[in-house]
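Here is what each chain is made of, one letter per residue.
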Amino acid sequence: MASSKLQNNPYLSHLPPHQKGASRSNPSAKDPLYGFIPRRVKGNQARKVMERDLNPFTKQPYSGRYKALLNSRKELPVFGRMDEFFKIFNENQIMIVVGETGAGKSTQIPQFVAFSDLPHTRRKMVACVQPRRLAAMSLATRVADEMDVHLGEHVGYSIRFEEMIDPDTTFLKYMTGGMLLREAQNDPTLERYSTIILDEVHERSLDTDILMGILKGIAKKRKDLKIIVMSATMNVTKFRKYFNLRSDEQVSLLKVPGRTHPVEVFYTQEPEPDYLEAAIRTTMMIHRSEAPGDILLFLTGEQEIEDACRKIKLEVKDAIKQHPGSVGPIVCIPLYSSLSPQKQQSIFDSPPVAIKGGPSGRKVVVATNIAETSITIDGIVYVVDPGVSKQKVYNPQIRVESLVVSSISKASAQQRAGRAGRLRPGKCFRLYTEREFHREMEEYDHPEILRSNLSTTVLTLLKIGIKDLVTFDFVDPPAPELLLRALKLLNYLAAVDDDGNLTPLGAMMAEFPVEPQLAKLLIVSPKFRCSNEILTITAMMSGRLTSNDSATTSLLISSAPNIWICPPGARQRQGADAAKKHLAVHDGDHLTLLEVYNQYYLNLHDKNWAWNNYLSAQSLKEAEMIRKQLKGVMERFYIELNSLSDEKKLFTNVRQALVCGFLMQIAHKEKDGNYLTLKDNQVVALHPSCDLITQPEWVVYNEFVLSSRPYIRTVSEVKAEWLIEFGGKYFDLVSFPDGETKSALQRAWNKRMGTTESASDRTSKPSKRKDKGPSGGIQKKKANRRR
DNA sequence: GAGCACTGC
């Protein structure tokens, strides 16, 4: 019986012949995995091999370091659950692993899978998907070490700009979700993987949410693909229900206890009117009266953090001056994403030493949400949590998203508190009342997919072959209107035909790792003989330099870190302004981006060039890498890279190409001096950072920013004729409401037709467009009043 | 004459 069962095991055909049956000479001496049958391996078998002297994957003796690492691995809670894991993994196609930080799931589970799946014997790979690059890199490095193999040979990682794998030998690959999505575009069933592990799904990042939907679909078609979903302890019921492929069985769950210490939570008695003041006061209170241990204070943004650091330092200085020896010395370290990696490193510095027998020194890290998930600081014993963070908020009245300081969720508060218990028992001071926590804070953050512009997502799903997006099985389905809005944009860009099918152009656009508008821009650019320049501008717009989510809908945009570094202080500011003036091109901000990059590239030899010109070296380096990557995709599709030698003509052509990519981001200057966006009639002004010396009648813009008032930023002049020539049906007058903009377009049409006939007379239907929106008129009145 | 939570390809 047993042997016939073995012969029917589909995986055995992949094995070398000697593994199919018993042998009299003892082959296990040479192959520690002798007798292992894929997906039937038990915990005790794996443990035995781990204890031996011969590495089963390299067939080399283990190094001395291996055993030491193995001993520390044995302390991890996950390690003790190995038998249970193997049992569930072997018997199920999909399983869920739940465990708090410190349980060891991200490092150990993939290794267990490698032992049961034996991907290296069947030319398959195990993937472990992370939400962030840094996590993928550092986990791969750690696990390669634990398995005593070379990083990039048997265990590797795959992130944007860096593929640390050997396609012939790597069988365990850590990667970002974005990379797996990109692979799925050309391999919709992800054939090369035997098991895919999705880590940190509780974070509900856009990529993991989409991957969950895709993988659930693949699992129905590919019964040999195993899926492991890993999450911190929250909301697991939702995932268990979601991954039930058959209604009669529950998805199996492995629960692993965490290895964190208890954290005592304190609330304020009354709500705090000023959280910043309360945060500083609480930090000082801890410093004065609590036992040694570092403090982590959560605030919302760069300015607030720098401000708080200054104030805390000052208070400690005053306290020491007034009563020497009353408090110990303090270092206050700011932490947010736009800091250079070197500056971010200083959070790992030791706290300052006590002054001759005085109270001990303390380190205070003042951080954004980056310290909630992305960066872990050891040694934190006290957490100060004001209960707020900056979040993208959708304002349906004016159809714009902006960043607003808002209340965090309970899950987020729990995560923050947990940061105090990594070293030893800790304390968390919440600057809100217990009542507020229970009654007013949301259970979880809204998943990113419900708050995002979906044009890129929809294009990706179409490329993977998912046609019916409205019925696609999302964990949390986005509103159908958002999907339709994304489809409409893709239709305008000709990526999708009128029936919602992906066009060949759309398939090509999906290959570019940029937003659809930018992909379109790159593809059309050779026609305008300026693809080298558009390539540079696209790279500059696609990085963190300027945000370009504005997309579809013009419903977006918040803020973005600027390419220009603006240091505090009046004299510094003058220097920055002068530097900018020096590089600015008055034909348009897009051309300024081109000029900045070209000058950067010419001065690569000068390490101080960026700094001397008040530019972010980090951002420029990123643009350089993006440019290289995009150039590679263009070459792959034989998209010509060309330029015109006549600069004036070149600049004109660049702006014409921009119209093709950003049809929906055009604005017209009205008689009152304000600009009106064509898409949805928002009254806007040119942002003060804009370098245009005149106020042209027509402009193309990259961002819609809502700050003290609605602004458009990164703006270039365009001509009405271009809109008609390159905009096609998008600028069909029938769809425009009556007004100055329509009349101006009408004049351009007439000029083109060489007639005075009204363009809209040529069509039978009267104008039906009424989607001016309730806010259009209101906005306009406000703007008029201001004038 | 203004202002930047966090990720990812």
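Just so we're clear, the structure is a prediction, and the values are computed from it rather than from any experiment.

### Overview of the overall build of chain A
Reasoning step 1: Assigned secondary structure in chain A consists of 27 helices and 21 strands.
Reasoning step 2: Counting the 787 residues in chain A, one finds 54% classified as buried.
Reasoning step 3: Put simply, 72% of the contacts in chain A that link residues at least 6 apart link residues at least 24 apart.
Reasoning step 4: For chain A, the accessible surface area stands at approximately 36200 Å², while carbon and sulfur atoms represent 51% of it.

### Structural notes on the sheet that holds strand 5 (residues 172-176)
Reasoning step 1: Here eight strands make up an open sheet; going across it, the order is 4-3-5-2-6-7-1-8 and the pairing mixed. Two strands bound the open sheet, and with one partner strand each, they are strand 4 (162-164) and strand 8 (252-256). In this sheet, neighbouring strand axes are inclined to one another by 20° on average, regardless of whether the strands run parallel or antiparallel.
Reasoning step 2: Examined bridge by bridge, strand 3 (residues 155-159) and strand 4 share three bridges and lie antiparallel to one another.

### Thoughts on the environment of Leu339
Reasoning step 1: When you line up the elements, Leu339 lands in the loop between strand 11 (330-335) and helix 12 (341-345).
Reasoning step 2: Residue classification places Leu339 among the buried residues on the basis of a relative accessible area of 9%.
Reasoning step 3: As a C-alpha pair, Leu339 and Glu302 span 37 residues in sequence and 9.2 Å in three-dimensional space.
Reasoning step 4: Among all residues touching Leu339, those that are not within four sequence positions of it are Pro334, Gln344 and Gln618.

### Examining the pairing of strand 10 (residues 294-298)
Reasoning step 1: For strand 10, the tally of buried residues reaches five of five residues, placing the bulk of the element in the interior.
Reasoning step 2: Of the two faces of strand 10, the one holding Asp294, Leu296 and Phe298 and the one holding Ile295 and Leu297 are both buried throughout.

### Overview of the side chain of Glu372
Reasoning step 1: One can find Glu372 in the loop between strand 12 (362-367) and strand 13 (380-385).
Reasoning step 2: Residue Glu372 is classed as buried on the basis of its relative accessible area, which comes to 7%.
Reasoning step 3: Of note is the side chain of Glu372, whose polar atom sits 2.5 Å from the side chain of Ser412.
Reasoning step 4: Not counting chain neighbours up to four residues away, the residues in contact with Glu372 comprise Phe298, Ser412, Gln415, Arg416 and Arg419.

### Details of the protein's contact with DNA strand B
Reasoning step 1: Neighbouring DNA strand B are 30 residues, the closest being Arg133, Arg182, Ser337, Lys390 and Ser707.
Reasoning step 2: Among the atoms of DNA strand B close to the protein, meaning within 4 Å, 64% are from sugar or phosphate groups.
Reasoning step 3: A distance of 2.5 Å is found between a phosphate oxygen of DNA strand B and a backbone nitrogen or oxygen belonging to Arg133.
Reasoning step 4: A distance of 3.2 Å is found between a sugar or linking oxygen of DNA strand B and a side-chain nitrogen or oxygen belonging to Arg182.
Reasoning step 5: Taken together, the residues of the surface near DNA strand B sort by class into eleven nonpolar, nine polar and ten charged.

### So, the sheet that holds strand 11
Reasoning step 1: The strand order across the open sheet formed by six strands is 9-16-13-10-12-11, and the pairing between neighbours is parallel. Here the strands that pair on one side only, and so sit at the sheet edges, are strand 9 (263-267) and strand 11. For this sheet, the mean angle separating the axes of adjacent strands, direction not counted, is 20°.
Reasoning step 2: For strand 10 and strand 13, the ladder comprises four bridges, and the chain directions are parallel. Bridge assignment links Leu297 to a residue of strand 13, and that residue is Val384.
Reasoning step 3: Of the strands in this sheet, strand 10, strand 11 and strand 12 are in contact with helix 11 (residues 302-322), which crosses strand 11 at around 180°.
Reasoning step 4: Each of strand 9, strand 10, strand 13 and strand 16 (426-430) touches helix 13 (residues 410-418); the most contacted strand, strand 16, lies at about 140° to it.

### Focus on the packing of helix 21 (residues 589-602) against helix 24 (residues 647-661)
Reasoning step 1: Two elements in contact, helix 21 and helix 24, have axes separated by 10 Å at closest approach and are oriented at 120°. Compared by their axis directions, helix 21 and helix 24 come out oblique. Crossing handedness for the pair helix 21 and helix 24: right-handed. Only Phe651, Val654, Arg655 and Leu658 of helix 24 make contact with helix 21, whose side of the interface consists of His590, Leu591 and Leu594.
Reasoning step 2: Each residue belonging to the contact of helix 21 with helix 24 can be placed in one class, and the counts come to five nonpolar, one polar and one charged.

### What about the packing of aromatic side chains?
Reasoning step 1: A full pass over the atoms with the stated rule returns 17 aromatic pairs.
Reasoning step 2: Between Phe85 and Phe86, the ring centres sit 5.8 Å apart and the planes meet at 80°, which makes this aromatic pair edge-to-face. When sorted by exposure, Phe85 lands in the same class as Phe86, which is buried.
Reasoning step 3: Chaining the aromatic ring pairs together yields one cluster made of Phe79, Phe85, Phe86, Phe89 and Phe112.
Reasoning step 4: Its guanidinium or amino end placed over the ring of Tyr242, Lys216 lies 4.3 Å from that ring's centre, counting from NZ or CZ.
Reasoning step 5: A cation over an aromatic ring shows up here: Lys226 above the ring of Phe89, its NZ or CZ 5.0 Å from the ring centre.

### A look at the side chain of Ser531
Reasoning step 1: Note that Ser531 resides in helix 19 (residues 531-542).
Reasoning step 2: In terms of polar contacts, Ser531 uses its side chain to reach the backbone amide nitrogen of Asn642, at 2.7 Å.

### Comments concerning unusual backbone geometry
Reasoning step 1: The backbone of Lys59 shows a phi angle near 60°, a positive value even though the residue is not glycine.
Reasoning step 2: Mapped onto the elements of the fold, Lys59 is located in the loop between helix 2 (43-51) and helix 3 (64-74).
Reasoning step 3: According to the relative accessible area criterion, Lys59 is partly exposed, its value standing at 42%.
Reasoning step 4: Phi at Phe161 is positive, roughly 70°, even though this residue is not glycine.
Reasoning step 5: In this fold, Phe161 is placed in the loop between strand 3 and strand 4.

### With respect to the state of the cysteines
As used here, a disulfide is simply a covalent bond connecting the sulfur atoms of two cysteines.
Reasoning step 1: This structure, assessed with the given rule, holds zero disulfides.
Reasoning step 2: A disulfide-free cysteine, Cys428 has its sulfur positioned 18 Å from the sulfur of Cys332, the nearest such atom.
Reasoning step 3: Take Cys530: it sits in no disulfide, and the sulfur closest to it among the cysteines is that of Cys660, at 9.6 Å.
Reasoning step 4: Here Cys530 falls in the buried class, since its relative accessible area comes to 0%.

Conventions adopted
- Residues numbered from 1 in each chain as written.
- Chains lettered and ligands numbered in written order.
- Predicted model: local features only at pLDDT ≥ 70, side-chain atom pairs only at ≥ 80, totals over all residues.
- Heavy atoms only, no water.
- Helix = DSSP H or I, 4+ residues; strand = E, 2+ residues; numbered from the N terminus.
- Buried < 20%, exposed > 50% of the residue type's maximum accessible area, 1.4 Å probe, protein only.
- Contact = heavy atoms within 4.5 Å.
- Areas by Shrake-Rupley, 256 points an atom, 1.4 Å probe, with all protein chains shown as cover.
- Pairing = 2+ DSSP bridges.
- Axes fitted to C-alpha atoms, helices over the stretch in contact; angles between N-to-C directions.
- Polar contact = N/O pair within 3.5 Å; in protein donor to acceptor, adjacent residues only side chain to side chain.
- Near = heavy atom within 4 Å.
- Nonpolar A, V, L, I, M, F, W, Y, C, P; charged D, E, K, R; others polar.
- Parallel < 35°, antiparallel > 145°, perpendicular 65-115°, else oblique.
- Left-handed = near helix turned anticlockwise from the far one by under 90°.
- Phe/Tyr/Trp six-rings, centres within 6.5 Å; stacked < 30°, edge-to-face > 60°.
- Lys NZ or Arg CZ within 6 Å of the ring centre and 35° of its normal.
- Disulfide = S-S within 2.5 Å.

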